[in-house]
Amino acid sequence: MFDRDNPPLVRVEKLTKHFSVRIGAYGETRATVHALDDISFTVQRGETLGLVGESGCGKSTAGLTLLQLHQPTAGKVFFQETEVTGLSDTELRPLRQKMQIIFQDPYSTLSPRMTIGNAIGEPLWLHELIAKNRVQERIAELLDAVGLNPAFAFRYPHEFSGGQRQRICIARALACEPEFIVCDEPISALDVSIQAQIINLLQDLQETYHLTYLFIAHDLAVVRHISDRVAVMYLGRVVEMAPKSRLFSNPLHPYTHALLQAVPVPNPRQERQRQHTVIHGNVPSAINPPSGCRFHPRCPLAFEPCDHIVPEWREVESDHWVACHAV
């Protein structure tokens with residue numbers, strides 16, 4: 001259980017990330033992709049904050065920019081009340097031990113030329129966290145912690161299944177004994193039968209090692225299972241954030257409401273009787289996002305100020321934040 005009374009472990013203030021790209025048949029036109037625009041949230045120590053939204057809404061960019069793997073265009077990120085934006089690589093190095101990431105694709109994040117023991121042990125050597133004569137012992141401990149045989153340390157990634165590779169990636173993230181881990185869609189590349197095992201493993205590790213997660217996903221059922229609070233993103237902005245029980249029972253933003261209605265019910269009879277809010281149109285381009293509220297071209301509740309005034313990010317009730325003129 002996370003502690004609401006103490007300062008947050010991670011604090012994000014008005015974080016913005018734009019990418020410069022070239023478009024056209026010959027790349028003759030330069031354009032700007034508005035991947036993130038002015039997002040703010042906190043993550044309490046011991047909490048799992050779920051970050052959800054459609055593909056391309058900026059979820060993964062938010063995680064990578066938070067960890068300074070992308071340099072932000074504007075805004076600030078604080079870890080344990082220390083600002084990490086603007087720090088040099090040398091200054092960031094000690095913080096890297098405390099802030100780790102589990103990537104989406106376990107197939108591409110492990111070098112095919114390294115044994116899994118070397119992949120897990122590399123952070124230990126780079127950060128000089130342990131005596132050389134104890135490295136193999138620590139690698140065995142980490143493999144055992146994620147449910148793999150320590151004897152596998154001398155095998156190569158191609159000898160493992162997708163679920164086993166993701167366990168290896170989790171062990172590598174744990175090697176530095178971090179406090180905060182960004183889980184960037186860690187189960188979306190896995191078979192459904194394996195996903196539940198990885199989710200249960202992440203929850204067990206969180207309890208054992210007192211970890212804090214930013215869990216990025218688009219599967220609302222998984223997010224509801226693992227998260228304490230949920231933040232909803234649309235086209236580079238966070239539109240709603242609340243404790244999961246409140247967000248799933250009483251969504252306030254029209255986009256959140258439509259997302260939750262799109263989740264099918266296992267009972268066919270109940271599914272046929274449900275009311276659905278249909279969102280018409282396609283997601284606008286991040287190169288040329290709409291003015292005002294970015295959801296207004298597709299919103300069933302849109303009215304006069306929505307197309308030219310950006311809605312204020314405000315707390316409408318205790319710990320329930322939303323950016324919508326209609327709320």
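Refer to the structure presented above.
Residues numbered from 1 in each chain as written. Predicted model: local features only at pLDDT ≥ 70, side-chain atom pairs only at ≥ 80, totals over all residues. Heavy atoms only, no water.

S.K.: Break down the sheet that holds strand β1 (residues 10-23) for me, citing the residues and quoting the values.
M.R.: With antiparallel pairing, four strands are arranged side by side in an open sheet as β2-β1-β4-β5. Looking at strand neighbours, the two that pair on one side only are β2 (29-43) and β5 (82-83), the edges of this open sheet. Across two bridges, the pairing between strand β4 (residues 74-79) and β5 is antiparallel. For phenylalanine 78, the partnering residue across the bridge sits in β5 and is glutamate 83. The sheet strands contacting helix α1 (residues 59-66) are β1, β2 and β4, and the helix crosses β1 at an angle near 115°. (Pairing = 2+ DSSP bridges. Helix = DSSP H or I, 4+ residues; strand = E, 2+ residues; numbered from the N terminus. Contact = heavy atoms within 4.5 Å. Axes fitted to C-alpha atoms, helices over the stretch in contact; angles between N-to-C directions.)

S.K.: I'd like a description of the side chain of threonine 109, backed by residues and values.
M.R.: For threonine 109, the position within the fold is in the loop between β6 (99-102) and α3 (116-126). We classify threonine 109 as buried; its relative accessible area is 19%. Polar contacts involving the side chain of threonine 109 include one to the main-chain carbonyl oxygen of aspartate 105, which spans 3.1 Å. (Buried < 20%, exposed > 50% of the residue type's maximum accessible area, 1.4 Å probe, protein only. Polar contact = N/O pair within 3.5 Å; in protein donor to acceptor, adjacent residues only side chain to side chain.)

S.K.: With reference to specific residues and values, describe the nonpolar core.
M.R.: Counting residues in each nonpolar core, the largest one holds 55 residues, and the members touching the most others are Val146, Ile170, Leu174, Leu202, Leu205, Phe215 and Val232. Considering each element in turn, this core owes the most residues, six residues, to helix α5 (residues 162-174). Beyond its immediate sequence surroundings of up to four residues, leucine 174 is in contact with Arg138, Leu142, Val146, Ile181, Leu205, Tyr209 and Leu211. Val10, Phe41, Leu66 and Val84 belong to the second-largest nonpolar core, a separate cluster that totals 30 residues. (Core = buried A, V, L, I, M, F, W, Y, C linked by side-chain atoms within 4.5 Å.)

S.K.: Please set out the sheet that holds strand β7 (residues 180-184) residue by residue, giving values where relevant.
M.R.: An order of β6-β7-β8-β3-β9-β10-β12-β11 is seen for the eight strands of this open sheet, with the pairing classed as mixed. Two strands close off the open sheet at either side, each with one partner strand: β6 and β11 (314-317). Strand-to-strand twist across the sheet, computed as the mean angle between neighbouring axes with direction ignored, equals 20°. Relative to β7, β6 runs parallel, the two sharing four bridges. If you follow glutamine 100 over to β7, its bridge partner there is isoleucine 181. Taken strand by strand, α5 contacts β6 and β7, and its axis lies near 175° from that of β6.

S.K.: Which residues make up the pattern of salt bridges, and what values go with them?
M.R.: For the structure shown, the criterion picks out 13 salt bridges. Here glutamate 54 and arginine 298 are joined by a salt bridge, their closest N and O atoms 3.8 Å apart. Linking glutamate 54 in the loop between β3 (48-52) and α1 with arginine 298 in the loop between α10 (268-273) and β11, this pair joins segments that are 244 residues apart in sequence. Assessed through its relative accessible area of 28%, glutamate 54 is described here as partly exposed. Between glutamate 185 and lysine 59 there is a salt bridge, with its nearest N and O atoms 4.0 Å apart. Remark: lysine 59 occurs in helix α1 and glutamate 185 occurs in the loop between β7 and α6 (192-209); sequence separation between them is 126 residues. Here lysine 59 falls in the buried class, since its relative accessible area comes to 3%. Residues participating in the shared-partner salt-bridge network are Arg134, Glu137, Arg138, Glu141 and Glu177. (Salt bridge = Lys/Arg side-chain N within 4 Å of Asp/Glu carboxyl O.)

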